[in-house]
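Architecture at a glance
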Amino acid sequence: MLDAKIPAGSLEEKWNKYKGSCKLVNPANKRKLEIIVIGTGLAGASAAATLGELGYSVKAFTFHDSPRRAHSIAAQGGINAAKNYQNDGDSVYRLFYDTIKGGDYRAREANVHRLAEVSSNIIDQCVAQGVPFAREYGGLLSNRSFGGTQVQRTFYAAGQTGQQLLVGAYQALERQVALGNVKMYNRHEMLDVVVIDGKARGIIARNLVSGELERHSGHAVLICSGGYGNVFYLSTNAMGSNATAAWKAHRKGAFFGNPCMTQIHPTCIPVSGDHQSKLTLMSESLRNDGRIWVPKKQNDTRKASEIPEDERDYYLERRYPAFGNLVPRDVASRAAKERCDAGYGVGSSRQAVYLDYAAAIERYGKIEASKKGETSLDAATIIALGKQVVKEKYGNLFDMYEKITGENPYELPMRIYPAVHYTMGGLWVDYDLMTTVPGLYALGEANFSDHGANRLGASALMQGLADGYFVIPYTIGAYLADEIRSGAVSIDHPEFVAAEKEVAERINRLISIKGNQTVESFHKRLGKIMWDKCGMARNAQGLQEAITEIRALREEFWRDVKIPGEIKEFNVELDKANRVADFMELGELMCRDALDRNESCGGHFREEYQTEEGEALRDDANYMYVSAWQSTGEGSWTLNKESLDYEVVKPSQRSYK
């Protein structure tokens, strides 16, 4: 069994004791230590800024033209913190418990409790940076509800919380760049990790503008490059989001944890045709006020406005009365799929359900009328007042929906359907956020996360900033304290030479194939295999077929892919080909992991393992562990396990009824 290096002591004391007793590096020595950070989203930007502030010499890499392009900017709904501003019963323990339960008891207790502990500090940090969180009339920060909880703990900035948080982290990062503590490398992509004497000592990066390969040395490497949802081709991720940095680390010895655990988000604009290259997320915060329904009659072709109230099935409220529309994402997604598969879907594709704001608009309108002391306003005026309130809370999301669909969501219910959103799997890390390769760390969505088998809404931003601002500054110091005497690492070391040669040979092999099929076509075919057979529902036969099909597709890719242009130039098709090749290997591992885990939990739903009511059926006796896969060559892996021992929370069948 893998050792997560969890500190001794009670759950509430572990992190404080760790901080109070871990090894430190004095300020003069920090200047001699170089740290490489891959990715400049919330995890990477906050880590680089904080480590620069502490005095370390930091090199930060992004394949974007600016750190502000990172996909963290797309997060909409909010960030969780256990501040209990609403006085509705929230606490550190409740946030911890909701996260453990929401993850279907497949997360590590110690990490999740630490996350809940530092959550309040994140809000204070961001407010100090000037992040414009929404506020109540009296000036206090506002909160709203998210799925999987019964309290209001989500802080938000309209529907652009990720953007505002990233701007805050970006400002902190740029300050350190100006001071000379951080050196930024824009338009650079990490293509390999250099391991010397068993420790991560640098990277091989490609300058995406010139095509040149570069060697960069450091005393530690932090992978903060996000998740791998684009293995499905269609997802809510930006089109450039990829898994290459994490995958290269995996191929150099870092174990990959729970690769099959993918989150399907229930609130996305449905697929409209084969022309699409990505999907658009509608924030889960919309489930805070919106009601989800389908017609009670199968194959009902009437418009939503023509279906009377008594002929509507508010199926989440019916099936889960305690949580209603605020059930966790995996539960809401499967429920939507079940209704559509049973013939109750809406829209031209019949692969959608309604998210309706009519009741919320009327409710808010009556509240506004009451504020004004008006008791005899007509219905149209009340609706107008309600629309104004909804516009203030969710206006940019409603505008985005109308621009994409051409429909006015203030007048008509939105049509939504589940889509790939977040990956709970990633590089396996211990309590220090270190992978199985000493000196190689993974933060944010790039690691196998604190979320277990399902991430609660508004927790991704929380984890990324917690890892970068408050966890890694302590844990990396504990490692680097013993690395002071190692001195600077020469980029002329034989391992650097060998790593660069290996990267160059792979690029030359890709560009020399001169086949007939585009990179995009291979990616799209891979995505269809993954969605059909390792998506919202999986079964043994489909997974076995997927593995065979992916292997055949990979062989065809390396024989017939067409990559125009040259190596030593700005060549986006070559960059994309390199990433899709990695996705093909990762896709096979995801299917193998899903096939190995003979249970259903959170986002991993095996059709053979469900309750009579269609809910996920865990097998705690046989699968209470993190799957950590070790690469033993292309298409070859060995399974290692980290036992999950619950000391505080007693695992039970999840119920939101």
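In this report, we go over the structure that sits alongside the text. All residue numbers refer to position in the chain's written sequence, counted from 1. Given that the model is predicted, a residue must reach a pLDDT of at least 70 before its local features are reported, and side-chain atom pairs must reach 80 or more before they are shown or counted; all residues, however, enter totals for whole chains, interfaces and linings. Side-chain figures throughout are based on the complete set of non-hydrogen atoms in the structure, without hydrogens or water.

1. Here we look at unusual backbone geometry
Positive phi values are uncommon outside glycine, yet Asn84 reaches one of about 55°. Elements are defined by DSSP. Helices are runs of H or I of four residues or more, strands are runs of E of two residues or more, and each kind is numbered from the N terminus. You can see Asn84 is positioned in the loop between strand E3 (79-80) and helix H4 (92-102). Although it is not a glycine, Ala458 adopts a positive phi angle of roughly 70°. Its location among the elements puts Ala458 in the loop between strand E17 (440-442) and helix H12 (460-480).

2. Looking at a nonpolar patch on the surface
Here, patches come from residues exposed beyond 30% relative accessible area and free of salt bridges, joined within 9 Å for like charges and within 5 Å for nonpolar side chains (Val, Leu, Ile, Met, Phe, Trp, Tyr). Note that accessible areas follow from Shrake-Rupley with a 1.4 Å probe, and for residues the cover is restricted to the protein chains shown. Between Lys or Arg on one side and Asp or Glu on the other, a salt bridge is scored when a side-chain nitrogen of the former is within 4 Å of a carboxyl oxygen of the latter. The grouping of Val209, Phe570 and Val572 at the surface amounts to a nonpolar patch, some 270 Å² of accessible area in total. Mapped onto the elements, Phe570 comes out in the loop between strand E19 (561-562) and helix H16 (572-596). Three exposure classes are used, based on accessible area relative to the maximum for each residue type with a 1.4 Å probe and protein chains only: buried under 20%, partly exposed in between, and exposed over 50%. The class of Phe570 is partly exposed, set by a relative accessible area of 45%.

3. Some remarks on the sheet that holds strand E20 (residues 625-631)
Strand pairs in the sheet, formed through backbone hydrogen bonds, run parallel or antiparallel to each other. When DSSP finds two or more bridges between two strands, those strands count as paired. The four strands are arranged E16-E10-E20-E21 in an open sheet whose pairing can be described as antiparallel. Edge positions in the sheet fall to strand E16 (426-427) and strand E21 (637-643), since each has one partner strand and no second. The pairing of strand E10 (residues 256-257) with E16 spans two bridges and is classified as antiparallel. Note that in E16 the partner of Gly257 across the bridge is Gly426. Across the sheet, helix H7 (residues 244-251) lies against E10, E16, E20 and E21, angled at about 75° from E20, the strand it touches most. The contact rule is simple, with two residues in contact once any of their heavy atoms fall within 4.5 Å. Axis lines are fitted to C-alpha atoms, over the contacting stretch for helices. Their N-to-C directions set the angle, which ranges from 0 to 180 degrees. The strands touched by H16 are E10, E20 and E21; relative to E20, the strand with the most contacts, the crossing angle is about 140°.

4. Thoughts on the nonpolar core
Judged by nonpolar contacts, the single largest core of 187 residues is most densely connected at Ile79, Leu222, Ile223, Tyr441 and Phe557. Looking at this core, the element that brings in the most residues is H12, giving twelve residues. Apart from the residues within four sequence positions on either side, Ile223 is in contact with Ile38, Met190, Ala245, Ala246, Leu427, Leu440, Tyr441, Ala442, Leu443 and Ala446. Buried Ala, Val, Leu, Ile, Met, Phe, Trp, Tyr and Cys residues that are joined via side-chain atoms within 4.5 Å together make up what is termed a nonpolar core.

5. Focus on the sheet that holds strand E7 (residues 199-207)
Read from one edge to the other, the open sheet built from three strands follows the order E6-E7-E8, with strand pairing classed as antiparallel. Each having just a single partner strand, strand E6 (188-196) and strand E8 (213-217) make up the two edges of the open sheet. The sheet shows a mean angle of 25° between the axes of neighbouring strands, direction not considered. Looking at chain direction, E7 and E8 are connected through five bridges and run antiparallel. Its bridge partner being in E8, Ile203 is matched across the sheet by His216. Set on the sheet, helix H13 (residues 494-511) makes contact with E6, E7 and E8; between it and E6 the angle comes to about 140°.

6. Concerning the side chain of Arg334
If you trace the backbone, Arg334 turns up in helix H9 (residues 329-344). Not counting residues within four places of it along the chain, the set of residues in contact with Arg334 comprises Met536, Gly602, Phe605, Ala616 and Arg654.

7. Comments concerning the side chain of Ser142
Tracing the backbone through its elements, the reader meets Ser142 in the loop between helix H5 (109-129) and strand E4 (154-155). At a separation of 3.2 Å, a polar atom in the side chain of Ser142 contacts the side chain of Glu136. For the purposes of these results, a polar contact is taken to be a pair of N or O atoms within 3.5 Å, where, inside protein, one atom must be able to donate a hydrogen and its partner to accept one; residues adjacent in sequence count only when each atom of the pair is a side-chain atom. Engagement of the side chain of Ser142 in a polar contact is seen with the side chain of Tyr156, the distance being 3.1 Å. Once residues lying within four places of it in the same chain are set aside, the contact partners of Ser142 are Gln86, Ala134, Arg135, Glu136, Thr154, Phe155 and Tyr156.

8. Some words on the pairing of E21
In terms of strand pairing, E20 meets E21 through seven bridges, oriented antiparallel. Among the inter-strand pairings, Ser627 is bridged to a residue of E21, identified as Lys641.

9. Describing the environment of Met424
Structurally, Met424 can be placed in the loop between strand E15 (414-423) and E16. Along the chain, Met424 and Val177 lie 247 residues apart, while their C-alpha atoms are 31 Å from each other. Not counting chain neighbours up to four residues away, the residues in contact with Met424 comprise Met261, Thr262, Gln263, Asn447, Phe448, Ser449, His451, Gly452, Ala453, Asn454 and Arg455.

10. Description of the packing of helix H14 (residues 519-534) against helix H15 (residues 540-560)
Viewed as axis vectors pointing N to C, H14 and H15 meet at an angle of 175°, and their least axial separation amounts to 10 Å. Comparing their axes, H15 and H14 come out roughly antiparallel. Packed against H14, whose contacting residues are Phe522, Arg525, Leu526, Ile529, Met530, Lys533 and Cys534, the element H15 presents Gly542, Leu543, Glu545, Ala546, Glu549, Ile550, Leu553, Glu556, Phe557 and Asp560 at the interface. Any angle from 65 to 115 degrees is called roughly perpendicular, while one under 35 is roughly parallel, one over 145 is roughly antiparallel, and all others are oblique.

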